[in-house]
Structure formats: C-alpha cells, structure tokens
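# What the coordinates show
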Amino acid sequence: MKFPIRFLVASMLAAGCSQPQKSIVAGDLESVPSKFTHSPLVKGLYTADPSAHAFEGNIYIYPSHDIETEVEEDEMGSHFDMKDYHVFSMEEPGGEVTDHGIALKLEDVPWASRQLWAPDAAEKDGKYYLYFPAKDKADIFKIGVAVSDRPEGPFTAEPEPIPGTFSMDPAVFPEGEDYFLLFGGIWGGQLQWYDDQELVEGRKGPTDGIPADEEKALMPYIAKLDGSMKALAEKPRELLILDQSGDPIKAGDHARRFFEAAWMHKFDGKYYLSYSTGDTHFIVYATGDNPYGPFTYQGKVLEPVEGWTNHHSIVEFEGKWYLFYHDTELSGKTPLRNIKMAELTHMPDGTIRTINPMN
Ligand code: FUB
C-alpha cells in the first residue's frame, strides 16, 4: 500500500510517542518497519542540532550542516568540522520540508576560523538574526550574529563576535520585548576553560577546569540582548540548576548535570530549561519561575538517540508542542546526523512526557 509522504509523517506525529510506529524516510514511498520512532526530516544532506521557530506562519529550522571530513576524531569534537548553514522550512508538521540553500558560510564570517556549530535564530521588527558559534583565529569558541530580512537568509555576519560571549550552543528565548541569549557547553564547548567568565591560561583539554565530582557542576549562561540584537545588554549570569532538595547539581552527577544544548521555553507560566547531559546522552529539563532561574531538575525529555550527541529544541506551533532532535539513522556515524521531530506533551501537572527515539 502506498501513501503520500505527507500523510504518513503526519500520522506518525499524531500517533504520539507511546505507540510503536513505522518510520518512513522522506522521499521513500514504501512503509518500512524500523527501530527508530521518527523519520529523518531531511535526506539530501546531513543536519543536526535543530533549532526550530514559528516564523511567518511556517516552521523554520536552523540546524548545523554536518559534512564528511578528513579531520581526525578527538575529545574536543574537532571532527564536527562544519563550514556552512542551510535553513529549512515546512508549512505544517508532517509537511514537505524545503531546503532554502546556504544561509551563511564560514568564509563570510570575518572573525571565524572553523567549526560552525549549533545555531539559533530570532525575529525582531521584521529582521532575522542568526546566532552561531565558531572558533576564532585563536581557536577559542565565540558567538557571532548575522542579519537578514528573510527567515531563510542569506545572512550577513557582523565583523566581530558578540562581546562578552564565550563557549558555544547559543539559543534565544524571546519574551515580549526581551530576548535572552543562552549559551555554553563543556568539553569541546570549552566552558570549563573559564573561571568567572575569564579564560584561564593553560587549560587545553576536555576536562581541564571541570570541577571535582562533589563540587557544583558548570552551568549554562544567560544574558539579555540589547535593542540592536547584536550585543548583550548585561553581563551573562549563570543559570543555576538545583536538585529537588534545593542543592546545585554536582559535577559528578553525569545523568543530570548540564553538558551543552541549553534551550528555554515557557509553558503555563513556568520557564523550562532543557539541555543535553552529554556523556549520558539524555535531554533533560528543569523548571523555574523566571528566565534567570534558579531552575529545579524535573526529569527527561528524550532518551538517548543513536549517535553520541543529543541536541534539541522545543517549539509551539498552532497550539501543539514539538520536539526537534537529531540522531544518526541515515549514516550510522556520530558526526553525520539527521534531524527529526516529534510531538511533545506537557502533562496536567506540568511535567513533560519522556519521548523514546527508538522503538
Ligand atoms: O554539532 C556540534 C555540536 O555537537 C553541538 O554544538 C553540540 O550541541 C553537539 O550536538
């Protein structure tokens, strides 16, 4: 039996995460039993770290663009050697995914040397801002911004990174007139090389500067953007994540501590901070009463995917909530990922129903 792709993907999304489902790779017409709960959204190139937004009545997705590379794999993630961004859109969940082509290239970012990692985007007064991490000429991650009149770009990069930013994985949380930039990530993300937001000389590896197991874990950062959207309005503040007893999550608590991929959304008056736990491969979340926190750990959003990294976004579209994430279904290789989406459920008590990416 053959169905149009649109119908099959829409049915799978509507079925939620608790039902065993068939996975259809976009572009195939046959229904193929699969160990994966959801299907890749894009097949023609490798995509990862999907930051999704509802812009102009459509869903726009801002992912990393994974490529094959000769760069040797190391613990700092050098093999994630991305050189440009593509922007994708869909009119509705389960609809056709449009690749809008190259939105920004490494060679067009004057201050950057390598590794265009996970980006995000925001809209203000009809202009679109792409926030992206890259290593500068000294091989230190900074966060840049590029501007366009269209959500899909092309984007023009500012000549310098955003002053006061460091590390990687930017995500923008808009609330009314305010736009908050979240960022940070340990190991390859270099956050552990900073004390009090100052780079400490001599720290080089993935664990140099990581606190001892019984100490407070490193946390992501947040800062309000100023009216230009190209600069911070304030010094970044640490987003404190507490356990249920009110103690900061400890560095040795690898199943709950912050690793990378911070994302914020608001539901029913509560702020949700979700993030990847890195080497334990979960997407987890904590809730708080305002964007600056503190946040209290609540549970898992997503179980481990196939592939080492786990990175997501959460977006509301036409009254429903969606999780965007990636795995390595198409390649079987950690640095060659593909983006996916799933419907996300907030339970009546405010908890999030955990999604399992594997059947
Ligand atoms: O895609 C490169 C890096 O891998 C991202 O910045 C991290 O979040 C991880 O997904």
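What counts, and at which threshold
- Residues numbered from 1 in each chain as written.
- Predicted model: local features only at pLDDT ≥ 70, side-chain atom pairs only at ≥ 80, totals over all residues.
- Heavy atoms only, no water.
- Helix = DSSP H or I, 4+ residues; strand = E, 2+ residues; numbered from the N terminus.
- Rg over C-alpha atoms; globule rule 2.2 N^0.38 Å.
- Buried < 20%, exposed > 50% of the residue type's maximum accessible area, 1.4 Å probe, protein only.
- Near = heavy atom within 4 Å.
- Polar contact = N/O pair within 3.5 Å; in protein donor to acceptor, adjacent residues only side chain to side chain.
- Areas by Shrake-Rupley, 256 points an atom, 1.4 Å probe, with all protein chains shown as cover.
- Nonpolar A, V, L, I, M, F, W, Y, C, P; charged D, E, K, R; others polar.
- Core = buried A, V, L, I, M, F, W, Y, C linked by side-chain atoms within 4.5 Å.
- Contact = heavy atoms within 4.5 Å.
- Pairing = 2+ DSSP bridges.
- Salt bridge = Lys/Arg side-chain N within 4 Å of Asp/Glu carboxyl O.

Quick look at the overall build of the chain now. When helices and strands are counted, the chain shows one helix and 23 strands. Its C-alpha radius of gyration of 19 Å places the chain within 12% of the 21 Å reference for a compact globule of 359 residues. Each principal axis of the C-alpha atoms in the chain carries an extent, and together these give about 60 × 50 × 45 Å. Residue burial in the chain is summarised as follows: out of 359 residues, 56% are buried.

Time to look at the site of the ligand. Around the ligand, the neighbouring residues are Asp 49, Ser 64, Met 82, Trp 117, Ala 118, Met 168, Asp 169, Glu 260, Thr 309, His 311, His 326 and Arg 337. The separation between an oxygen atom of the ligand and a polar side-chain atom of Asp 49 is 2.5 Å. Within the side chain of Asp 169, one N or O atom sits 2.5 Å away from an oxygen atom of the ligand. Contact with the protein chains covers 98% of the free accessible surface of the ligand, which is 280 Å². When grouped by side-chain class, the residues that make up the shell around the ligand number four nonpolar, four polar and four charged.

So, about unusual backbone geometry. That bond from Gly 153 to Pro 154 is cis: its omega, 5 degrees, falls within 30 degrees of zero. Looking at the element boundaries, Pro 154 is found in the loop between β8 (141-148) and β9 (156-157). Following Gly 293, the chain continues to Pro 294 via a peptide bond in cis, the omega torsion being 5 degrees. By the element assignment, Pro 294 lies in the loop between β19 (283-288) and β20 (295-302). A positive phi angle is found at Glu 56, which is not glycine, with a value near 50 degrees. Of note, Glu 56 is situated in the loop between β1 (46-55) and β2 (58-66). Accessibility expressed as a relative area gives 47% for Glu 56, which makes it partly exposed. Even without glycine at this site, Asp 125 takes up a positive phi of about 50 degrees. Within the secondary structure layout, Asp 125 lies in the loop between β6 (120-124) and β7 (127-136).

Once that is clear, we can look at the nonpolar core. Tyr 131 and Leu 182 are the most contacted members of the largest nonpolar core, which has 62 residues in total. For this core, the element with the most residues is strand β11 (residues 178-183), which contributes five residues. If near-sequence neighbours (up to four positions away) are discounted, Leu 182 is found in contact with Asp 169, Pro 170, Ala 171, Phe 173, Tyr 221, Ile 222, Leu 239, Ala 262, Trp 263, Met 264 and Leu 273.

Moving on to the sheet that holds β11. As summarised here, the arrangement of the four strands in space is β10-β11-β14-β15, forming an open sheet in which the pairing is antiparallel. On the outer flanks of this sheet lie β10 (171-175) and β15 (237-238), each paired with one strand and no other.

The final tally for this structure, using the stated rule, is 21 salt bridges. In this structure, Lys 230 engages Glu 158 in a salt bridge whose closest nitrogen and oxygen atoms are separated by 3.5 Å. A residue pair is termed long-range when its members are at least 10 positions apart, and Lys 230 in the loop between β14 (221-224) and β15 and Glu 158 in the loop between β9 and β10 qualify at 72 residues. Judged by its relative accessible area of 33%, Lys 230 falls in the partly exposed class. One continuous salt-bridge network, built from bridges that share partners, spans Asp 49, Asp 66 and Arg 337.

For the rest of this paragraph, the subject is the side chain of Ser 78. Within the fold, Ser 78 resides in the loop between β2 and β3 (84-90). The class for Ser 78 is buried, based on a relative accessible area of 7%. Within polar-contact distance, the side chain of Ser 78 engages the side chain of Asp 74 at 2.5 Å. With residues near it in sequence (within four places) discarded, Ser 78 still touches Val 71, Glu 72, Arg 114 and Gln 115.

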